[in-house]
Amino acid sequence: MSLVAKKRTLAEINSKIQKGSAKIYTVQELIDKIADGEKIQFEDVDVVTTATKALMSGIAGLFSFRLSPPKTVRKFTEVSLNGIAAFPGPCPNEFLGIVDIILYGTAHSKTKENYSGGILFRDLVEGKTINVSGKSEEGDLIEKEMTLDDMQFARMMGTRQAIKNYFAMINPSTESVNTIFSVLPLEGNCNHATFSGCGAMNPFQNDPNADVFGVGTKILVNGTIGYIFGPGTRNDRLKPNMQTIADFKGMKPEYMGAFRTSYGLENICSIAAPIPILNENVWNNIIKSDHQVPLVILNVVGRNKLAEGTYQDVWDNNFLITFDPKKCIDCDDCPVDAMCPTNAFNLKTGIDRTRCFNCGSCVVVCPKNAFKGDLKTIRYDDKNIPVVLRQSDRFGAINLATQLKHMILDGEFIIKEPTDKLEFYPQVF
Ligand code: SF4
Ligand code: SF4
């Protein structure tokens, strides 16, 4: 008996989408259906939408705008936005008064405390006015107030996005450690754990060999259409990642911003990517349960591997963190108000859902259990270590994957073939 491999073309999928008969699911919907006992096969699914909302260091803003009238300044050599130094260049734009700049998301402001590129990007998307300051070759200083609408070009570039999941961190030493993997110093003696990664929802987790994703693949970046324009800076087979580009104009603030760790501010960024189910190999790679996704547990100092679990240990329909004002006793100095890493909590107004990252720190810090969320534990050395922080927002990722699903169904997002494969580099670490 000969077995014929099942496949379908992208043209067939797009035709079904146009006719309204395409079957599109987020990874989470598939997982829930399968957990409910539904038998789902290749024939039942045309497109799966994947997503991640996480801390992503490698983002930068590329901007071009007029800073002075023509013929007044020969060239700008220094430019800063809200006190954050940008890199002007490369073309001199001699006497044009226009600057082209790159500004990194992790760069910090010299004039505003606790203010980074990630916050600036969100402020721009929210329509806020920013201060732009430029110094010319001749030493003249020019200041200007500006909004995103005043910029003729404003795009976010990601150098290594949507990395195929990440790790859990624990601290076996006796001292607590300040790290980008914690909000409060990470306690020693393996008392606490933190983790990153949206588990089964992660794009590369569902296309681990980049059979579908390629150069030119259309995606969503922070809620607007963007593109993969190449392999990420550390795209190896173990931890694939992508380079992305998208216009700031059209992004949604709830998918971006900054996150305060005990070692400084990190960027928040969200990516959703569609996977057309072109053949059985693509279908077989789609994650059907978080049990399938390994969660490696590392020593936060040195990052050596200590143990391994799965993302089912930490993600199990526990995505949303909620606040019950009835349980709040109005402490003198609310520690959550001061600690919340995205400034999402205010005692008077509660949780700002457009800022909340569902990280769970408030659940740990509030002494009166006014916050609800099951943060789970991580198993190491016969010990269940409580998770005190989630550095990926699966709830936000599910929302973005759902947005993408509806955009495809409504004809607002047409899936196209990539123009080239994503090259994998040899593993460097
Ligand atoms: S710590 Fe908890 S109980 Fe105390 S004021 Fe803050 S939210 Fe309310
Ligand atoms: S889960 Fe709590 S601590 Fe984390 S961002 Fe939301 S309100 Fe802030």
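Please refer to the structure placed before this passage.
Residue indices begin from 1 for each chain and proceed along its sequence in written order. Throughout, the order in which chains and ligands are written sets their labels, letters from A for the former and numbers from 1 for the latter. Two thresholds apply to this predicted model, a pLDDT of at least 70 for residue-level local features and 80 or more for giving and counting side-chain atom pairs, whereas whole-chain, interface and lining totals are computed over all residues.

## Overview of the overall build of the protein
Moving on, step 1. Going along the chain from the N terminus, every DSSP run of H or I of four or more residues is numbered as a helix, and every run of E of two or more is numbered as a strand. Assigned secondary structure in the protein consists of eight helices and 26 strands.
Moving on, step 2. A radius of gyration in this sense is built from C-alpha atoms; the matching globule rule multiplies 2.2 Å by the number of residues raised to 0.38. Taken over the C-alpha trace, the protein has a radius of gyration of 23 Å; the compact-globule value for 429 residues is 22 Å, and the two agree within 12%.
Moving on, step 3. Counts of 20 or more other C-beta atoms within 10 Å of a residue's own C-beta define buried residues, counts of 12 or fewer define exposed ones, and intermediate counts define partly exposed ones; C-beta atoms are placed from the backbone. Within the protein, buried positions represent 44% of all 429 residues.

## Side note on the pairing of strand β4 (residues 76-81)
Moving on, step 1. One ladder, built from five bridges, connects β4 with strand β7 (residues 130-136); its direction is antiparallel. When the sheet's bridge partners are listed, Glu-78 is paired in β7 with Lys-135.
Moving on, step 2. Paired strands are those between which DSSP finds at least two bridges. Following β4, the chain reverses through two residues before pairing antiparallel with strand β5 (residues 84-88); Asn-82 in that reversal takes a positive phi of roughly 50 degrees.

## Observations concerning the sheet that holds strand β11 (residues 193-195)
Moving on, step 1. If you walk across this open sheet you meet the six strands as β19-β18-β10-β11-β25-β24, and the pairing is mixed. Where the open sheet ends on each side, the last strands, each with one partner, are β19 (305-310) and β24 (377-380). Averaged over all adjacent pairs, the angle separating strand axes in this sheet is 35 degrees, with direction ignored.
Moving on, step 2. Looking at chain direction, β11 and strand β25 (residues 383-390) are connected through three bridges and run parallel. Its bridge partner being in β25, Phe-195 is matched across the sheet by Arg-390. To get an axis, a line is fitted to the C-alpha atoms, and for a helix only the part in contact is used. The angle between two axes follows their N-to-C directions and goes from 0 to 180 degrees.

## So, the site of ligand 1
Moving on, step 1. Any residue whose backbone-placed C-beta atom lies within 6 Å of a molecule or strand is treated as near that molecule or strand. Near ligand 1 the following residues occur: Cys-328, Ile-329, Asp-330, Cys-331, Cys-334, Pro-335, Val-336, Leu-347, Cys-366, Pro-367, Lys-368 and Ala-370.
Moving on, step 2. Its residues assigned to classes, the shell around ligand 1 shows 10 nonpolar, no polar and two charged. We call Asp, Glu, Lys and Arg charged. Ala, Val, Leu, Ile, Met, Phe, Trp, Tyr, Cys and Pro are nonpolar, and the rest, Gly among them, are polar.

## Examining the site of ligand 2
Moving on, step 1. For ligand 2, the set of nearby residues contains 14 residues, the closest of which are Ile-321, Cys-340, Cys-356, Cys-359 and Cys-362.
Moving on, step 2. Taken together, the residues that form the shell around ligand 2 break down as 10 nonpolar, four polar and no charged.

## Focus: the environment of Leu-67
Moving on, step 1. When you line up the elements, Leu-67 lands in the loop between β3 (59-66) and β4.
Moving on, step 2. Distance from Leu-67 to Val-79, taken between C-alpha atoms, is 9.6 Å for residues 12 residues apart in sequence.
Moving on, step 3. Setting aside residues no more than four positions away along its own chain, Leu-67 makes contact with Phe-76, Gly-97, Val-99, Val-132, Gly-134, Ile-142 and Lys-144. We call two residues in contact if the C-beta atoms placed from their backbones are at most 7 Å apart.

## Some details on the pairing of β5
Moving on, step 1. Here β5 shows a clear split, with Ile-84, Ala-86 and Pro-88 buried on one side and none of Ala-85 and Phe-87 buried on the other.
Moving on, step 2. Bridge count between β4 and β5: three bridges; the pairing is antiparallel. By the bridge assignment, Ser-80 is partnered in β5 with Ala-85.
Moving on, step 3. Two strands pair when backbone bridges link them, and β5 and strand β6 (residues 98-104) are joined in this way by two bridges, in the antiparallel orientation.

## Brief notes about the environment of Thr-217
Moving on, step 1. One can find Thr-217 in the loop between β12 (214-215) and β13 (218-221).
Moving on, step 2. Counting along the chain gives 90 residues from Thr-217 to Gly-127, while the straight-line C-alpha distance between them is 28 Å.
Moving on, step 3. In this structure Thr-217 touches Tyr-227, Ile-228, Ala-273 and Pro-418, once residues within four positions along its chain are discounted.

## Some thoughts on the nonpolar core
Moving on, step 1. Ranked by size, the top nonpolar core spans 118 residues in total, and within it Val-48, Leu-103, Ala-168, Ala-193, Ile-271, Ala-272 and Ala-401 carry the most contacts.
Moving on, step 2. Sort the elements by how many residues they give to this core and strand β17 (residues 264-276) lands first, with seven residues.
Moving on, step 3. In this structure Ala-401 touches Thr-26, Val-27, Gln-28, Thr-49, Thr-50, Ala-51, Met-201 and Ala-272, once residues within four positions along its chain are discounted. For the purposes of this analysis, a nonpolar core is taken to be any set of buried Ala, Val, Leu, Ile, Met, Phe, Trp, Tyr and Cys residues that are connected through C-beta atoms within 7 Å.

## Quick notes on helix α8 (residues 394-409)
Moving on, step 1. By this rule the span expected of a helix is its residue count minus one, scaled by 1.5 Å. Compared with the 22 Å implied by 1.5 Å per residue over 16 residues, the 22 Å span of α8 between its first and last C-alpha is a close match.
Moving on, step 2. Here α8 has its buried residues at Arg-394, Gly-396, Ala-397, Ile-398, Asn-399, Leu-400, Ala-401, Gln-403, Leu-404, Lys-405 and Ile-408.
Moving on, step 3. Buried residues in α8 make contact with α1 (10-19), β1 (24-26), α2 (27-35), β2 (47-55), β13 and β17.
Moving on, step 4. Looking at the residues trailing α8, positive phi occurs at Gly-411, about 75 degrees.

## Topic: α2
Three- or four-residue spacings in an α-helix give side chains the same orientation, since the helix completes a turn every 3.6 residues.
Moving on, step 1. Along α2, the positions that sit buried rather than exposed are Val-27, Gln-28, Leu-30 and Ile-31. Take α2 and look down its axis: the buried residues cluster within an arc of 160 degrees, on one side only.
Moving on, step 2. Where α2 is buried, its residues contact β1, β2, α4 (203-206) and α8.
Moving on, step 3. Of the residues trailing α2, Gly-37 is marked for its positive phi of about 95 degrees. Here, the arc refers to the directions that run from the helix axis to the C-beta atoms.

## Side note on unusual backbone geometry
Moving on, step 1. The phi dihedral of Ala-210 falls on the positive side, at around 50 degrees, and the residue is not glycine.
Moving on, step 2. Residue Ala-210 is classed as buried on the basis of its 21 C-beta neighbours within 10 Å.

## A closer look at the environment of Gly-139
Moving on, step 1. You can see Gly-139 is positioned in the loop between β7 and β8 (141-146).
Moving on, step 2. Accessibility expressed as a C-beta count within 10 Å gives 7 for Gly-139, which makes it exposed.
Moving on, step 3. Spatially, the C-alpha atoms of Gly-139 and Phe-76 are 9.1 Å apart, while their sequence positions differ by 63 residues.

Honestly, it's all geometry; don't read function into it.
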